[in-house]
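# Close look at the chain arrangement
Listed here are the chains, written in short residue letters.
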Amino acid sequence: MDGNNEGFTGHGSIEAKSLKSNRTFISASLDLQATGTLAKMIKPMLKSNPPKITNEFKEEVTARIHQYHR
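Rules behind the numbers
- Residues numbered from 1 in each chain as written.
- Predicted model: local features only at pLDDT ≥ 70, side-chain atom pairs only at ≥ 80, totals over all residues.
- Heavy atoms only, no water.
- Helix = DSSP H or I, 4+ residues; strand = E, 2+ residues; numbered from the N terminus.
- Contact = heavy atoms within 4.5 Å.
- Areas by Shrake-Rupley, 256 points an atom, 1.4 Å probe, with all protein chains shown as cover.
- Salt bridge = Lys/Arg side-chain N within 4 Å of Asp/Glu carboxyl O.
- Buried < 20%, exposed > 50% of the residue type's maximum accessible area, 1.4 Å probe, protein only.
- pLDDT = per-residue confidence, 0-100.

Secondary structure summary: the protein contains two helices and three strands in total. Beginning at the N terminus, the succession of helices and strands in the protein can be written as β-β-β-α-α. Sequence-distant contacts in the protein: of pairs separated by 6 or more residues, those separated by 24 or more amount to 39%. Accessible area for the protein stands at about 5,900 Å²; split by element, carbon and sulfur atoms hold 51% of it.

In structure tokens:
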């Protein structure tokens, strides 16, 4: 993963499991490194808000899954 405008690089994984009643369980794991001139400002944010960042990523994946099933 590469955030061209966000100042980070990293990698991660997504696991999606089909559940009953058209439901999907999604688990996401991200390893992000701050880069560039804003790295000093971004690093504390990554450390203090990992659940928020991970949830935003997971929500985006969820939206894409919904688009795929339509």
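This part is about the pattern of salt bridges. Summed over the entire model, instances satisfying the criterion amount to two salt bridges. Residue Glu-15 pairs with Lys-17 through a salt bridge whose shortest N-O separation is 3.5 Å. Judged by its relative accessible area of 44%, Lys-17 is partly exposed. Between Arg-64 and Glu-60 there is a salt bridge whose closest N-O contact spans 3.0 Å. In this pair, Arg-64 and Glu-60 both sit in helix H2 (residues 50-69), four residues apart, roughly one turn of the helix. Arg-64 gets classed as exposed once you look at its relative accessible area, which sits at 52%. Glu-60 sits in the partly exposed class, given a relative accessible area of 40%.

Turning next to the confidence of the model for the protein. Per-residue pLDDT for the protein has a mean of 76; in total, 80% of the residues score no lower than 70. Here strand S1 (residues 2-3) stands out as the least confident element of the protein, with mean pLDDT 56; strand S2 (residues 8-19) is the most confident, with 82.

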